[in-house]
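# Overview (structure and organization)
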Amino acid sequence: MPTFLSYAFHSDGFIPHGHCYLWKTGLVWLHIISDATIAFAYYSIPFLLIYFISKRQDVPFNRVFMLFGAFIIACGSGHLMDIWTLWHPDYWISGCIKALTAIISIYTAFALISLMPQALTLPSPAQLETINRALSTEIVERKRIEKELRQAQEVAQNSSHAKSEFLANMSHELRTPLNGILGYTQILQRTESLSEKGRKGLGVIYQCGSHLLTLINDVLDLSKIEARKLELHPVDFYLPAFIDSVTEICRIRAEQKVIAFEAQLDPDLPTGIHADEKRLRQVLINLLSNAIKFTNEGSVSFKVHVIGKESNPNKQTKYKIRFQVIDTGTGIKSEQAEKIFQPFEQVGNQKRQSEGTGLGLAISQKIVLLMGGQIQVQSTLGKGSTFWFEAEFPESKDWAKVSRVVDQGTIIGYLGQRRTILIADDKWENRSVIVNLLEPVGFTVVEASQGQEAWEEALAHKPDLVITDLVMPILDGFELIHRLRQSEQFPKIAVIASSASVFAIDQHKSIDVGADAFLPKPVEAEVLLEMLRQFLQLKWIFDNQVDAIKKDQSDALQQSNEEICPDQEILQELLELVQDGDIQNILQLADKLSASDEKLNVFAQHLVQLASNFQLKRLATFIEKYIN
């Protein structure tokens, strides 16, 4: 022991480690092989750890792995040093390596202690198995829910499609009788001499039919069937006339309820504005109609004021206009004020609720939002309500260009040769409306109840223009238009597609196959006549021009002698045709007379004028004058 202590701090006397093994060959090789194998194993482990760390950067124990790797390398180096010291007494180096190994092992131990709570939170294999089973169950459940959602979505889409189809079909069926009601109302207003009471009665019929058409359009607007979305189509129009038309419509309704109606207009209102005239009218009439409907006594006031004006760099002025409707009606409860702008929501008296669909305010609010405003309401139950909205409208100084068509009177004919119109529609009511609109104006109208018949009539009569419905048996309107366009006989004939369909795709498809224009049903007489004027290059004769025409014809007849009249046989034939009411043959005979002798042109024109307007008594008197 004293000897050991004396050498503890002095290594000069140490001998190589191999002397401890008495240089026994087997023992030395045992230590060499063991230490070398351990060192090789130690060195291989850190390389595997380094590879693992490089591939799994997300593992939270990378620092411990690094320390553990350094510890193992130090241990492996210590075993290699043991082999070296078998022959060389470099114990200082061996001791330093062991000291480094000790330091690294202490750091590793402390790192493991700090990570132990985190490591203990890691799930066990059993817990992982449970979690995996739960996840698998959740995945299966989610897939089931997603499948059910897809099925529900398909059902909803099918339901929405079915609803759209139902509304479209119902609209088509409702528009067909409306076409007859509104069409014949316009015909009677144009062609018949009516008493004041009869004229007002027809006006009521037309207003009721128009109101029903508005209700249909309200449902379609909300369902977004028409064009699939609600859009604004601004145009330039004359604001004073627009407001006047709105107030007159509502003034009549107010007078019927014996309540006062007052319109207050700002003198600074612009003359013309650029806005969607149709949609703005729809909103204003809805607000005013509601005010009148819920007011039993008192008054309804309509105020239009300019509340702001600004000019942009392009020198265009924008007016901010407030439209306000004030009534002394039943009023609305505060809790109901929010509901009235929701679809199908109606408040107030149950009887009055049945007068509408509950869609007007919902659609009006959407329209005003598109205009950049919002309908607001203040109401006191039992005292009345105030509705208003504000919107900006660019001033239009070119409104006159689009409003240049003035009321020149009732159209009673047109200049030039007689034109032939072919109307194809499977509903006789629709054909009858157009026939009775066009024949009094001087057109020859040929009817067909389906597409194949229309094609045959076109070949037989060579019409100047074709008006065709789109949905017909045997040969529909699309195929008829296509056949007309592909034929050598009618490559450039004017074709107007007419339908009660509300789907924009039908309208676009009719234009794509070759139609020149689309005429919606119910047919508006002004729209139809304007289309005919454009496509046939017509110049209308108005009723206020008749006296001048008659005077010219009378002067010409007075200046002429007996030789310009047809002979007695033709006059007698004309008289018989008049007595038979055969307008078609009278017109054909008049054309022949005009073509046979220019001197008979005045006589023939007078025949055409009277026959086209079905003035048979005057026509008979005219012919008898020449016979006598």
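Placed above this text is the structure.
Residues numbered from 1 in each chain as written. Predicted model: local features only at pLDDT ≥ 70, side-chain atom pairs only at ≥ 80, totals over all residues. Heavy atoms only, no water.

### Observations regarding the overall build of the protein chain
Let me state the cut-off plainly: Numbering of helices and strands runs from the N terminus; a helix is a DSSP stretch of H or I covering at least four residues, while a strand is a stretch of E covering at least two. A simple rule labels every residue: compare its accessible area, found with a 1.4 Å probe on the protein chains alone, to the largest value its type can have, and call it buried under 20%, exposed over 50%, or partly exposed in between. In this analysis, two residues are considered to be in contact whenever any of their non-hydrogen atoms come within 4.5 Å of each other. Residue exposure ignores everything except the shown protein chains as possible cover, and the areas themselves are Shrake-Rupley values with a 1.4 Å probe.
Counting its regular elements, the protein chain contains 21 helices and 14 strands. Among the 628 residues that make up the protein chain, the fraction classed as buried is 39%. Put simply, of all contacts in the protein chain between residues at least 6 apart along the chain, 71% involve residues at least 24 apart. Of the accessible surface of the protein chain, which amounts to about 36500 Å², a share of 57% is contributed by carbon and sulfur atoms.

### Section: the sheet that holds strand β4 (residues 299-311)
Operational definition: At least two bridges found by DSSP between two strands is the condition for calling them paired. Angular values range over 0 to 180 degrees, each being the angle between N-to-C directions of two axes fitted as lines to C-alpha atoms, with helices fitted over their stretch in contact.
One open sheet accounts for 5 strands, arranged β2-β4-β5-β7-β6; its pairing is mixed. Whereas interior strands pair on both sides, the edge strands pair on one side only; in this sheet they are β2 (260-265) and β6 (376-380). Across the sheet, the mean angle separating the axes of adjacent strands is 15° when strand polarity is ignored. Bridge count for β4 against strand β5 (residues 317-327) is 11 bridges, and the pairing is antiparallel. Paired with E310 across the strands is K318, a residue of β5.

### Observations regarding the side chain of S301
Looking at the secondary structure, you find S301 in strand β4. What makes S301 buried here is its relative accessible area of 12%. Among all residues touching S301, those that are not within four sequence positions of it are E262, Q324, V325 and I326.

### With respect to the pairing of strand β9 (residues 420-424)
The buried count for β9 comes to 5 of 5 residues, which makes it a mostly enclosed element. Residue alternation in β9 divides its side chains into two sets, T420, L422 and A424 and I421 and I423, and both sets are buried. Looking at chain direction, β9 and strand β10 (residues 444-448) are connected through 5 bridges and run parallel. Looking at β10, one finds that T420 is bridged to T444.

### Considerations on the pattern of salt bridges
Applied cut-off: By salt bridge we mean one thing: a side-chain nitrogen of Lys or Arg within 4 Å of a carboxyl oxygen of Asp or Glu.
Applying the stated criterion across every chain, the model contains 10 salt bridges. The salt bridge partner of R133 is E129, with a shortest N-O separation of 3.7 Å. Here E129 and R133 lie together in helix α5 (residues 125-191), a separation of 4 residues that amounts to about one turn. Looking at E129, the relative accessible area reads 41%, which means it is partly exposed. Ionic pairing is found between R142 and E138, a salt bridge with its closest N-O pair at 3.7 Å. Remark: E138 and R142 occur in helix α5; sequence separation between them is 4 residues, near one turn of the helix.

### A word on a nonpolar patch on the surface
Rules: Patch construction takes residues with relative accessible area above 30% that form no salt bridge. Like charges are linked within 9 Å, and nonpolar side chains (Val, Leu, Ile, Met, Phe, Trp, Tyr) are linked within 5 Å.
A cluster of nonpolar side chains, contributed by L128, I131, L135 and I139, occupies part of the molecular surface with about 340 Å² of accessible area. One can find L128 in helix α5. Under the relative-accessibility criterion, L128 is labelled partly exposed at 40%.

### Points about the environment of A515
With respect to the helices and strands, the residue A515 is situated in the loop between α15 (504-513) and β13 (517-520). Sequence separation between A515 and V466 is 49 residues; the distance between their C-alpha atoms is 9.5 Å.

### Quick look at the packing of helix α18 (residues 568-580) against helix α19 (residues 583-596)
Cut-off, in case you're wondering: An angle below 35 degrees is treated as roughly parallel, one above 145 as roughly antiparallel, one from 65 to 115 as roughly perpendicular, and anything else as oblique. Handedness of a crossing follows from how the near helix is turned relative to the far one, being left-handed for an anticlockwise turn of less than a right angle and right-handed for a clockwise one. The nonpolar class holds Ala, Val, Leu, Ile, Met, Phe, Trp, Tyr, Cys and Pro. Asp, Glu, Lys and Arg form the charged class, and all remaining residues, Gly among them, are polar.
It is at 9 Å that the axes of α18 and α19 come closest, and there the two elements cross at 155°. Here α18 is positioned roughly antiparallel relative to α19, judged by the angle of their axes. α18 and α19 meet at a crossing whose hand is left-handed. Together, I570, E573, L574, L577 and V578 of α18 and N585, I586, L589 and L593 of α19 make up the contact between the two elements. The residue makeup of the contact of α18 with α19, split by class, is 7 nonpolar, 1 polar and 1 charged.

### Observations regarding the environment of W455
Residue placement: W455 occurs in helix α13 (residues 451-461). Spatially, the C-alpha atom of W455 lies 9.7 Å from that of L422, the residues being 33 residues apart in sequence. Among residues more than four places away in sequence, those in contact with W455 are L480, R483, L484, S487 and F490.

### What about the nonpolar core?
Selection criterion: Among buried residues, those of type Ala, Val, Leu, Ile, Met, Phe, Trp, Tyr and Cys that are joined through side-chain atoms within 4.5 Å constitute a nonpolar core.
Membership of the largest hydrophobic core comes to 40 residues, with the highest contact counts inside it found for L280, F302, F323, F389 and F393. Taken together, the elements giving at least two residues each to this core come down to α7 (239-256), β3 (272-275), α8 (277-293), β4, β5, α10 (360-370) and β7 (384-394). Element by element, the count of residues in this core is highest for α8, at 8 residues.

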